[in-house]
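Close look at the chain arrangement
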2 protein chains.
Amino acid sequence: MNSVYPESLDKIIEFYKKLPGVGEKSAERMALATLNLPVDDIEIFSNELVKAKKDLHPCSICGNLTDSEICTICANENRDHNLICVIEDYKSAFAFEKAGNFRGVYHVLNGLISPIDDIGAEDINLSSLVKRVESLKTPELILALKSSIEGETTTLYIKKIFEQKNVKISRLSYGLPIGAEIDYLDMTTLDKALSDRKVISE
Amino acid sequence: MNSVYPESLDKIIEFYKKLPGVGEKSAERMALATLNLPVDDIEIFSNELVKAKKDLHPCSICGNLTDSEICTICANENRDHNLICVIEDYKSAFAFEKAGNFRGVYHVLNGLISPIDDIGAEDINLSSLVKRVESLKTPELILALKSSIEGETTTLYIKKIFEQKNVKISRLSYGLPIGAEIDYLDMTTLDKALSDRKVISE
């Protein structure tokens, strides 16, 4: 079918459709709304897009997304650099930073071990983690990986690497998400929440 | 709250949030996904954005969105230029073109008469419609305006303008949207569908 839109509008629609959660209809609606925005907004956005794609790169220490050599978290002297939160990708770091209570630093693995996808321990940022930990006096790791087979495998693998190396390692707790309706939860989460229950009075 | 994102990422998020149906969370997800797109996609998009905003303008005949002096519909000799579909804005034209069965041309009012918003007949593209109709031999108007107070007012006003001027005027039919569940329909639509019922056998 030939498009009913002018060509440049079509290209904008095509781009929006590549974004997560954006279907044909939403992309069209967004593209038409885009045209109604002030020209300044559009020019700033279009410059920032290209700039962001060019400038943003992994922090040379932790792998987090940054526009400088070292990210603001690794550069912050008030953070505890002995406490490393190991995460799958930089999106997790943004999530923790928004929650706002973590005072340590991060280490981005950029993937998880997944034999089925042919991703081994050497394909993710593990050797740099070992080096970082070895350079610290009182290293402590928090493994914040998702509770999938790949997440579990990677967690166990990291635990094994640092065995007998005097590194304190913990993992995130499993349980009910805050505000979740018990009867809508999947059985595995409910099982975990039950077996990991916390005593609040004895 | 200070943002957890690098500055250029923040600006991208801010832009996405201006689009319809995009909240904080979606904007973040979309911005992060944007960074993962190939640099070519981003450059093409960012150029097209500025280009579209600069190049697209109303067709000098019908007011439809176009990148040439006259839109492809007005320039098309195979369309019936005596049959003018009067619409509120250019989005309606795209909707009809997608439906694909209308062989006439359009006239974009760019608004509807709305006394409550202080929008009078002289504030929408009505005088150009009168001129267009007067230049035609056998003009026919289809009023395709929404069924709001403003749409009704504008429909009646246009009907009045062309009274005793030998112009055939029709309006879109009201009724059930295709596929709609009867019991979910609003009462006014159901009433209309009932009173405008169509005899299919006598």
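Residues numbered from 1 in each chain as written. Chains lettered and ligands numbered in written order. Predicted model: local features only at pLDDT ≥ 70, side-chain atom pairs only at ≥ 80, totals over all residues. Heavy atoms only, no water.

1. Side note on the overall build of chain A
When helices and strands are counted, chain A shows seven helices and six strands. Counting from the amino terminus, chain A carries its helices and strands in the arrangement α-α-α-β-β-β-α-β-α-β-α-β-α. For 202 residues, the compact-globule estimate of 2.2 N^0.38 gives 17 Å, and the C-alpha radius of gyration of chain A, at 22 Å, exceeds that figure by more than 25%. In terms of overall dimensions, chain A has C-alpha extents of about 65 × 45 × 40 Å along its principal axes. Counting all 202 residues of chain A, 40% fall into the buried class. Across chain A, every contact between residues at least 6 apart in sequence was considered, and the portion connecting residues at least 24 apart equals 45%. (Helix = DSSP H or I, 4+ residues; strand = E, 2+ residues; numbered from the N terminus. Rg over C-alpha atoms; globule rule 2.2 N^0.38 Å. Buried < 20%, exposed > 50% of the residue type's maximum accessible area, 1.4 Å probe, protein only. Contact = heavy atoms within 4.5 Å.)

2. Examining the sheet that holds strand β4 (residues 104-108) of chain A
Residues and elements named next belong to chain A. In spatial order, the strands read β4-β3-β5-β6; together these four strands make up an open sheet with parallel pairing. Among the strands making up the open sheet, the edge pair consists of β4 and β6 (168-171). Direction aside, the axes of adjacent strands within the sheet are offset by 25° on average. Note that strand β5 (residues 140-143) and β6 share four bridges and pair parallel. Counted as the bridge partner of glutamate 140 is lysine 168 from β6. Sheet strands touched by helix α5 (residues 127-134): β3 (80-87), β4 and β5. Its angle to β4, the strand with the most contacts, is close to 155°. (Pairing = 2+ DSSP bridges. Axes fitted to C-alpha atoms, helices over the stretch in contact; angles between N-to-C directions.)

3. Overview of the relation of the copies chain A and chain B
For the pair chain A and chain B, the best superposition has an RMSD of 0.1 Å and corresponds to a rotation of 180° with a translation of 0.0 Å parallel to the axis. Taken together, the rotation angle and the small translation identify this as a two-fold axis. Across chain A, the smallest distance between a C-alpha and the rotation axis is recorded for serine 46 of chain A, namely 2.3 Å. Here 100% of the interface residues in chain A have copies in chain B that are interface residues too; the copies meet face to matching face. (Least-squares fit on C-alpha atoms with pLDDT ≥ 70 in both.)

4. Looking at the domain arrangement of chain A
Often the size quoted for an interface is simply the accessible area lost on bringing the parts together. Here the domain parsing of chain A yields domain 1 (7-55) and domain 2 (59-201). Taking the mean C-alpha position of each, domain 1 of chain A and domain 2 of chain A sit 34 Å from one another. (Domains from an automatic or database assignment.)

5. Some remarks on a negative patch on the surface
On the surface, Asp117, Asp118, Glu122 and Asp123 of chain A cluster together into a patch of negative charge. Take aspartate 118 of chain A: its relative accessible area is 67%, and that puts it in the exposed class. (Patch = residues over 30% accessible without salt bridge, like charges linked within 9 Å, V, L, I, M, F, W, Y side chains within 5 Å. Areas by Shrake-Rupley, 256 points an atom, 1.4 Å probe, with all protein chains shown as cover. Salt bridge = Lys/Arg side-chain N within 4 Å of Asp/Glu carboxyl O. Lys, Arg positive; Asp, Glu negative; His and termini not counted. Charge placed at Lys NZ, Arg CZ, Asp CG, Glu CD.)

6. Some remarks on the confidence of the model for chain A
Low pLDDT means the predicted coordinates in that region are not meant to be read closely. Residues and elements named next belong to chain A. Of the residues in chain A, 98% have a pLDDT of 70 or more, and the chain-wide mean is 89. Across chain A, the secondary-structure element scoring lowest on mean pLDDT is helix α7 (residues 187-195), at 80, and the one scoring highest is β4, at 96. For this predicted complex, the interface score ipTM comes out at 0.74, alongside a pTM of 0.74. (pLDDT = per-residue confidence, 0-100.)

7. A look at the interface of chain A and chain B
With 47 residues of chain A in contact, the opposing surface of chain B contributes 48 residues. Around 4,600 Å² of area is buried between chain A and chain B when both sides are counted, 74% of it from carbon and sulfur atoms. When residues of chain A are sorted by the area they lose upon contact with chain B, Phe45, Lys53 and Lys98 of chain A head the list and together hold 14% of the total. On the surface where chain A and chain B come into contact, there are six salt bridges. A salt bridge links lysine 98 of chain B to glutamate 28 of chain A, with the nearest nitrogen and oxygen atoms 2.3 Å apart. If you look at where chain A meets chain B, you find 13 residue pairs in polar contact (both at pLDDT 80 or more). (Buried area = accessible area lost by both parts, 1.4 Å probe. Polar contact = N/O pair within 3.5 Å; in protein donor to acceptor, adjacent residues only side chain to side chain.)

8. A closer look at the pattern of salt bridges
All names here are of chain B. Under the defined criterion, the tally for this structure stands at 22 salt bridges over all chains. Between glutamate 14 and lysine 17 there is a salt bridge, with its nearest N and O atoms 3.5 Å apart. In this pair, glutamate 14 and lysine 17 are both assigned in helix α1 (residues 7-17), three residues apart and thus about one turn of the helix distant. The class of lysine 17 is partly exposed, set by a relative accessible area of 29%. Of the charged contacts in the structure, one is a salt bridge between lysine 17 and glutamate 24, with a shortest N-O distance of 3.0 Å. Glutamate 24 gets classed as partly exposed once you look at its relative accessible area, which sits at 43%.

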